[in-house]
Amino acid sequence: MVIDSGLPLDAPTPRLVHVTPGMAEILLSRTVVNRRLDWGQVDFLADSIIRKEWQLTHQGIALDGPLDTGFLLDGQHRLNAVIKAGVAVWIYVFEGLPRTAFPVLDTGKRRSGVDTLSSTGEKYLPVLYSTIRHVILFKNMPDSSWSGNGARIANGRILAAYNEDSGMYRDAVAIGREISKHVFASQTGMAVGYFVTTEAAPAVKAESWIDGLTSGANLEVGDPRLALTKVPHMKKRGAKRRYTMREQVAIYIKAWNAWVQEEKVEKLNFKKTENMPMPVEEKFDR
């Protein structure tokens, strides 16, 4: 491959800068065009900085001149996130970008969480991604909404969670896909329920639980597995009421807890005013 070493005369110069909140305020005061800010994105980036999940990438800040005097063309969300987090981060600053480049900034396709997991070689990536995301939400905000800007999870955090428990997530997806054929909920909802309950109770033999849900053989009235299979199915898309992912997981956990504790249950439900039930913990064989 032959690479042309000659650079265009107007090529912007990249410079690695430790951007402080104070510096971010100065740069924002020199904004050429005040584009509409997505404050949800600002919150998301600020949370990543606070969690120490911020990573240095080629994406940075663009100025139409030098750092000390240039006007800001791109980077408002990153700079506002630095201010909100109150923490300095390393960012590439591109100096001398022509103002004529402004219309084409940020027109590329954003990398999705599924894209992030594609290098793992796993199957069923959309379900895997959704399962990991909702397990993280369960562990960090069980009693809050799992939708909206406040429930966004950084792709790096998704991949880190997968790398830490890849085998468990792989099993959860496979079993969630199977259980969902026989109960009211989605593949993701059942995968998340399976993951968090078996993680809390590794000593419990889950084979009987799974067999009861998938075959329904010899289940008596009051068996929590039977109650779980009798929960009304989600209404089709477009209907007024569908089970949220949080509700699906909560109902699954209620059934599991009753089964582990050998309690009788004939009907399962979950009210919006309830807190998320926590899985019964069983670390050792009883």
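If you're wondering where the values come from, they're calculated on a predicted model, not measured in any experiment.

S.K.: Explain the confidence of the model for the protein residue by residue, including any values.
M.R.: Across the protein, the average pLDDT comes to 87, with 87% of residues at 70 or higher. Confidence, read as mean pLDDT per element, is least for helix 4 (residues 113-117) in the protein (81) and greatest for helix 8 (residues 187-200) (97).

S.K.: Break down the sheet that holds strand 3 (residues 72-74) for me, citing the residues and quoting the values.
M.R.: Spatially, four strands are ordered 1-4-2-3 in an open sheet, and the strand pairing comes out mixed. Each edge of the open sheet is held by one strand with a lone partner, namely strand 1 (13-19) and strand 3. For this sheet the average axis-to-axis angle between neighbouring strands, irrespective of direction, equals 35°. Inspection of the sheet shows strand 1 paired to strand 4 (residues 89-95) by seven bridges, in the antiparallel sense. Among the inter-strand pairings, R15 is bridged to a residue of strand 4, identified as V93.

S.K.: Pulling in residues and values, what's your account of a nonpolar patch on the surface?
M.R.: Together, L16, L56 and W90 make up a nonpolar patch on the protein surface, roughly 290 Å² of accessible area in all. On the secondary structure map, W90 appears in strand 4. On the basis of relative accessibility, which here comes to 45%, the residue W90 falls in the partly exposed class.

S.K.: Quick rundown of unusual backbone geometry? Include the residues and the values.
M.R.: The backbone of K52 sits at a positive phi, close to 65°, despite the residue not being glycine. Here K52 is to be found in the loop between helix 2 (39-50) and strand 2 (61-63). Residue K52 is classed as exposed on the basis of its relative accessible area of 79%. In this structure, E262 takes a positive phi of about 55° despite not being glycine. Position of E262 relative to the elements: it lies in the segment after helix 11 (245-260).

S.K.: Run through the nonpolar core, naming residues and quoting values.
M.R.: Grouped together as the largest cluster of nonpolar side chains are 54 residues, with contacts concentrated most on L128, I132, W209, L228, Y252 and L268. Every element with two or more residues in this core is listed here: helix 5 (125-140), helix 6 (155-164), helix 7 (166-179), helix 8, helix 9 (207-215), helix 10 (224-229) and helix 11. By residue number, the principal contributor to this core is helix 11, which donates 11 residues. Leave out the neighbours within four places in its chain, and Y252 touches I179, M190, G193, Y194, T197, W209 and L228. Core analysis: the next-biggest nonpolar cluster, separate from the first, contains 22 residues, V17, L28, F44 and L72 among them.

S.K.: Provide a residue-level description of the packing of aromatic side chains, including the pertinent values.
M.R.: Taken as a whole and judged by the stated rule, the model has six aromatic pairs. With a centroid separation of 4.3 Å and 15° between ring planes, the pair formed by Y169 and F195 is classed as stacked. One end of the pair, Y169, is in helix 7; the other, F195, is in helix 8, with 26 residues separating them in the sequence. For F195, a relative accessible area of 0% gives the class buried. Measuring from ring centre to ring centre gives 5.4 Å for W209 and W259, while their planes differ by 50°; the resulting arrangement is tilted. Of the two residues, W209 is situated in helix 9 and W259 in helix 11; the sequence distance between them amounts to 50 residues. Pair check on accessibility: W209 and W259 agree, each one buried. Three or more aromatic residues joined by ring pairs make a cluster, and in this case those are W209, Y252, W256 and W259.

S.K.: Lay out the pattern of salt bridges with the relevant residues and their values.
M.R.: Taken as a whole and judged by the stated rule, the model has 10 salt bridges. The closest approach of N and O atoms between R15 and E95, which form a salt bridge, is 3.3 Å. Here E95 lies in strand 4 and R15 lies in strand 1, a separation of 80 residues in the sequence. Looking at R15, the relative accessible area reads 40%, which means it is partly exposed. Looking at E95, the relative accessible area reads 14%, which means it is buried. Among the ionic pairs, E53 bridges to R157, the shortest N-O distance being 3.5 Å. Here R157 lies in helix 6 and E53 lies in the loop between helix 2 and strand 2, a separation of 104 residues in the sequence. Note on R157: relative accessible area 16%, which makes it buried.

Basis of the calculations
Residue indices follow the written sequence of each chain, beginning from 1 at its first position. Totals for whole chains, interfaces and linings use every residue, but because this is a predicted model, local features are given only for residues with pLDDT of at least 70 and side-chain atom pairs only at 80 or more, for both listing and counting. Side-chain descriptors were evaluated using all non-hydrogen atoms of the structure, hydrogens and water having been removed beforehand. Per-residue confidence from the predictor is reported as pLDDT, which spans 0 to 100. In this description a helix means any DSSP run of H or I spanning at least four residues, a strand means any run of E spanning at least two, and both kinds are numbered starting from the N terminus. In this scheme, strands are said to pair when DSSP sees at least two bridges between them. Convention adopted: a line fitted to C-alpha atoms gives each axis, helices being fitted over their contacting stretch, and angles between N-to-C directions are expressed from 0 to 180 degrees. Each patch is built from salt-bridge-free residues with over 30% relative accessible area, joining like charges within 9 Å and nonpolar side chains (Val, Leu, Ile, Met, Phe, Trp, Tyr) within 5 Å. Computed with the Shrake-Rupley method and a 1.4 Å probe, the accessible areas treat only the protein chains shown as cover for residues. Whenever Lys or Arg places a side-chain nitrogen within 4 Å of a carboxyl oxygen from Asp or Glu, that contact is recorded as a salt bridge. For every residue, the accessible area obtained with a 1.4 Å probe (protein chains only) is divided by the maximum for its type, and the residue is called buried under 20%, exposed over 50%, and partly exposed between those limits. Among buried residues, those of type Ala, Val, Leu, Ile, Met, Phe, Trp, Tyr and Cys that are joined through side-chain atoms within 4.5 Å constitute a nonpolar core. Contact definition: two residues touch when any of their heavy atoms are within 4.5 Å. Centres within 6.5 Å are what make two rings of Phe, Tyr or Trp a pair, Trp counting through its six-membered ring; a difference in plane orientation under 30 degrees is then read as stacked, over 60 as edge-to-face, and the rest as tilted.

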